[in-house]
Structure formats: C-alpha cells, structure tokens
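Geometric and topological summary
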Amino acid sequence: MGYHLRYQSQEWATHHVVSRCVRGYSFLKPTPEVVAMTAGVLGRALHAYSHCIKLHHYAFLSNHFHLLLSSESTGALSEFMKYLKSNLTRELARIHEWTGPMWQSRYSSEEVLDEEGLTEIFNYITENSVKEGLVNHPSAWRGLHGYHQLVSQKTVSGPWIDRTGMYRAKQNPLNRARATPAHFTTVYTVTLTPPPLWDTMDSDVYHQHCVDLAQVAIKSAQVKRKGKSIGMARVLA
C-alpha cells in the first residue's frame, strides 16, 4: 500500500506533526544527554529552515514527539522533517549504540484549518506527559516540552555538532588537532512564534493566552490519566 500524498491548502499552513520511535522504543527518554542533543538538533533545524518553517509548540516524550508548526509549503515541511529526523537519528544512534531503524514509518501531518482546531491541538500537545500518567504537571517533565517556554518563559537551547566539518578536518593532517567536537559545536536556541491565527496578539496577551489554555489542558489531562503519575525517577529508570 502506497503512502498518501502530502498536501496543504494554502501558503503558510499550520500542521500538527507526530513521529514515533520504531516498536515504541524509548530512544527519546529524557536523559540530560538526550535532552541537550535534541534541543540542539531542533534549534539547528529551525535556524536552517527559518525562512520557511515556524514552530509554535512541541512535546518530546520517550518514544514519540509532537510539533505544532507552520510551513511555507508542503515541500518545505518535508525537507524540514527530513533534516530534523536524519540528524536526530545520527545522534541518537551514537548515544544508544543503535544500528537499526529508529522511526516507525513516516511522520504523520494534519493541517490545522481553524481556531477551534488550533486550540484543540495546542491543548492536546500541552497534555502530553500528564495524560499518560508520567508526571503530575508538564513543568515537572524534564524532556523538551513547549510549556517550559510558552508558560514558564524559559530559554531552551542545546549543542549541535557539525560532524561533517569535523570529519573533513580529520582528513587534513594540518587540521587534525582541531578535529574535536569542541571545535565544531554551536549552541542553538529553540525559537517559538505565535501561530498565524494568533500572531496579531502582542507578546503579553499571547503569553496570557498560552497560560489560560495550559490551565485548561492540564486539568483535562489530570482527569484522563489512570491512577497516580509514576514520576520522573521511574521514567528515567
């Protein structure tokens, strides 16, 4: 059975994107090393595609991730996801010493058509980590989660290593002494912007809007979960 064609109805459409690890493996388990690396790769990808991709919200759990973003075109979204996932694959494979497939098929993408749909997806992403019974509140999730930026207003950044440049330097006897990760590492910040349907709000109004939506989403997630949350110590174990 073939894959369905990617499509967006207009220029700069907003999408809810989901990608899952193969067989539900926890390649994205939020250890400090994985979190820092993932932030760096995501920040680098957003920097490289800043002309055609804008990120609004996200959540990375142990075995999958969600992105709420806007893309200039279907092709731009495809190229961005290819860049993001290929670089995540390379770095996660190093961390986990893994040589097989890392992702379960292609990412899924659903276009957000109106404000009602945008609010629904925004809340759904916010619920992640709580509705699964992992933590009581997204602020307690140590992995990457848009709540930390959108509500808590924290800066999220991480290192990105130019491994291609480092490899080329190793091939040149004159540059081998500099061919270390420290010489080819750049720290990138994960930059969020309001989605097009909300981009007329000023920064303070938009922040309060995110706070209000998060409160509703968290209460909903706490109702949906079954039993008590297991907590970060057990997640990491």
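That block above? That's the structure.
Summarised in this report is the structure supplied together with it. (Residues numbered from 1 in each chain as written. Predicted model: local features only at pLDDT ≥ 70, side-chain atom pairs only at ≥ 80, totals over all residues. Heavy atoms only, no water.)

Ordered by their spatial adjacency, four strands build an open sheet running 2-3-1-4, and the pairing between neighbours is antiparallel. If you trace the sheet from one side to the other, it starts and ends with strand 2 (53-60) and strand 4 (108-112), each paired once. On average, each strand axis in the sheet is tilted by 20° relative to the strand beside it, whichever way the strands run. Note that strand 1 (residues 13-20) and strand 3 (residues 64-71) share eight bridges and pair antiparallel. Note that in strand 3 the partner of arginine 20 across the bridge is histidine 64. Those strands touched by helix 2 (residues 74-96) are strand 1, strand 2, strand 3 and strand 4, and its axis lies near 150° from that of strand 3. (Pairing = 2+ DSSP bridges. Helix = DSSP H or I, 4+ residues; strand = E, 2+ residues; numbered from the N terminus. Axes fitted to C-alpha atoms, helices over the stretch in contact; angles between N-to-C directions. Contact = heavy atoms within 4.5 Å.)

By size, the foremost hydrophobic cluster in this structure holds 59 residues, and its most contacted members are Leu67, Phe80 and Leu84. At the level of elements, helix 1 (32-48), strand 2, strand 3, helix 2, helix 3 (115-127), helix 6 (203-224) and helix 7 (232-236) are the ones that each hand at least two residues to this core. Apart from residues no more than four positions distant in its own chain, leucine 67 is found in contact with His15, His16, Val17, Leu55, His57, Tyr58, Phe60, Phe80, Met81, Leu84 and Ile125. (Core = buried A, V, L, I, M, F, W, Y, C linked by side-chain atoms within 4.5 Å. Buried < 20%, exposed > 50% of the residue type's maximum accessible area, 1.4 Å probe, protein only.)

Within the structure shown, the criterion is met by ten aromatic pairs. Arranged with centres 5.6 Å apart and planes meeting at 80°, the rings of tyrosine 25 and tryptophan 98 form a pair that is edge-to-face. Of this pair, tyrosine 25 sits in the loop between strand 1 and helix 1 while tryptophan 98 sits in the loop between helix 2 and strand 4, and the two are 73 residues apart along the sequence. With relative accessibility at 31%, the residue tyrosine 25 sits in the partly exposed group. By relative accessible area, which is 29% here, tryptophan 98 ends up partly exposed. Geometrically, the ring pair formed by tyrosine 49 and phenylalanine 80 is edge-to-face, given 6.0 Å between the ring centres and 85° between the ring planes. Of this pair, tyrosine 49 sits in the loop between helix 1 and strand 2 while phenylalanine 80 sits in helix 2, and the two are 31 residues apart along the sequence. (Phe/Tyr/Trp six-rings, centres within 6.5 Å; stacked < 30°, edge-to-face > 60°.)

This part covers the packing of helix 3 against helix 6. As a packed pair, helix 3 and helix 6 sit with axes 8 Å apart at the nearest point and diverge in direction by 60°. As far as their axial angle goes, helix 6 and helix 3 are oblique. Judged by the twist between their axes, the crossing of helix 3 over helix 6 is right-handed. Across the interface between the two elements, Thr119, Phe122, Asn123, Thr126 and Glu127 of helix 3 pack against Tyr206, Cys210, Leu213, Ala214, Val216, Ala217, Ile218, Ser220, Ala221 and Lys224 of helix 6. (Parallel < 35°, antiparallel > 145°, perpendicular 65-115°, else oblique. Left-handed = near helix turned anticlockwise from the far one by under 90°.)

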